[in-house]
Amino acid sequence: MDYKKAGVDIEAGYQSVELMKEHIKKTMRPEVLTNIGGFSGAFSMESFKNMEHPTLVSGTDGVGTKLKLAFILDKHDTVGIDCVAMCVNDIACAGGEPLFFLDYIACGKNYPEKIATIVSGVAEGCVQSSAALIGGETAEMPGFYPEDEYDLAGFAVGVVDEKDLITGKDIKPGDTLIGIASSGVHSNGFSLVRKVFQMDKETLNTYHEELGKTLGEALLAPTKIYVKTMRSIKEAGVRVKGCSHITGGGFYENVPRMLPEGVTAVIKKDSYEVPAIFKMLAREGQIEEKMMYNTYNMGIGLVIAVDPADADKAMEAVKAAGETPYVIGQIEAGEKGVTLC
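Just so you know, these numbers come straight off a predicted model, no measurement behind them.

A. Geometry of the packing of helix 3 (residues 79-93) against helix 4 (residues 112-129). Relative to each other, helix 3 and helix 4 sit at 40 degrees, their axes nearing to 6 Å. Accordingly, the angle class assigned to the pair helix 3 and helix 4 is oblique. Note that helix 3 runs across helix 4; the crossing there is right-handed. Contact residues: helix 3 offers Gly80, Ile81, Val84 and Val88, while helix 4 offers Ile118, Gly121, Val122, Glu124, Gly125, Cys126, Gln128 and Ser129.

This is how it looks when you write it as structure tokens:
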């Protein structure tokens with residue numbers, strides 16, 4: 001008996017690392033001091049030591065049950081973008097600039113080409129967020145995961161000067177709420193999605209006129225990464241007072257997280273067009289509207305609060321970054337929370 005007969009192929013692990021190196025190279029930053037394959041990743045502090053009060057910010061998350069769709073469709077090149085997005089968007093919400101990222105892949109069997117494809121998506125997410133992929137782990141766990149399945153999670157570290165932290169503490173009545181468009185369902189609520197739609201190749205590969213693509217393509221669309229958008233807003237001289245990443249829990253859970261006591265966010269549902277995938281999901285699943293807004297981003301992946309005098313400048317900065325903004329509401333005095341009207 002040996003380790004390979006027990007289900008763990010060490011040689012496949014080595015091959016996976018070699019195959020993924022070409023993708024990882026694309027993410028490198030000058031501050032990276034180590035090569036992939038070591039026991040840890042080293043990152044120089046030189047580039048931000050001139051900040052008045054450099055402050056580290058971090059985020060960790062996974063892709064969740066969206067991975068089940070990737071398994072069914074045997075499409076693994078975009079879930080890595082989702083993984084990075086879920087981590088770095090949280091860092092961006094604090095005003096931080098992502099520095100580096102580490103991934104963790106646990107699988108039933110290490111298929112080197114598949115692992116490399118997953119990592120290619122992680123690398124693409126890192127390129128989109130200007131983060132270096134400085135390390136990770138691929139754990140082959142036979143008997144724990146089915147051979148053709150895996151889990152994917154990640155961890156990101158960023159930096160911000162303390163004076164530039166976005167805390168929400170200065171949000172006040174009259175401030176403008178700007179929503180930035182999502183790419184679709186992103187990476188939350190897929191346990192409900194999988195109850196609404198039949199999870200098989202035929203269903204997911206069916207083209208729908210209202211979506212303009214197949215159901216699988218609409219659902220697997222990778223999560224938007226808002227790092228460059230937030231950077232564009234900052235470079236435009238706009239101070240973002242509060243920022244909310246609309247993830248699990250939708251508007252009702254996430255918007256209040258950026259608010260101080262004594263104010264409420266009032267969001268107008270007709271201020272933008274809800275994407276077709278959400279309309280289809282609500283219709284086919286007979287899901288009440290409030291539950292939809294309490295589960296999904298409904299087409300808005302990021303909400304920021306700015307002084308009304310800065311609203312136009314912020315909108316232009318979002319557009320300059322290639323994203324679509326909407327004025328979706330305002331801040332009013334009241335009990336901390338959110339009202340959708």
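B. Up close: the sheet that holds strand 8 (residues 242-245). An order of 8-10-5-11-9-12 is seen for the six strands of this open sheet, with the pairing classed as mixed. Of all strands in the sheet, those with a lone pairing partner are strand 8 and strand 12 (337-340), marking the two edges. On average, each strand axis in the sheet is inclined to that of its neighbour by 25 degrees, with strand direction left out of account. Here strand 5 (residues 176-181) pairs with strand 11 (residues 325-333) via five bridges, running antiparallel. Along strand 11, the bridge assignment pairs Ile178 with Val327.

C. Representation of the pattern of salt bridges in the model. Following the criterion strictly, the structure yields 21 salt bridges and no others. A salt bridge links Asp164 to Lys234; its shortest N-O distance comes to 3.5 Å. Of this pair, Asp164 sits in the loop between strand 4 (150-161) and strand 5 while Lys234 sits in helix 8 (residues 227-235), placing them 70 residues apart in sequence. Here Asp164 falls in the partly exposed class, since its relative accessible area comes to 29%. Of the charged contacts, one joins Asp170 and Lys169 as a salt bridge, the two residues approaching to 3.5 Å between their closest N and O atoms. According to the relative accessible area criterion, Asp170 is partly exposed, its value standing at 35%. By relative accessible area, Lys169 is classed as exposed at 60%.

About the cut-offs
Residues numbered from 1 in each chain as written. Predicted model: local features only at pLDDT ≥ 70, side-chain atom pairs only at ≥ 80, totals over all residues. Heavy atoms only, no water. Axes fitted to C-alpha atoms, helices over the stretch in contact; angles between N-to-C directions. Helix = DSSP H or I, 4+ residues; strand = E, 2+ residues; numbered from the N terminus. Parallel < 35°, antiparallel > 145°, perpendicular 65-115°, else oblique. Left-handed = near helix turned anticlockwise from the far one by under 90°. Contact = heavy atoms within 4.5 Å. Pairing = 2+ DSSP bridges. Salt bridge = Lys/Arg side-chain N within 4 Å of Asp/Glu carboxyl O. Buried < 20%, exposed > 50% of the residue type's maximum accessible area, 1.4 Å probe, protein only.

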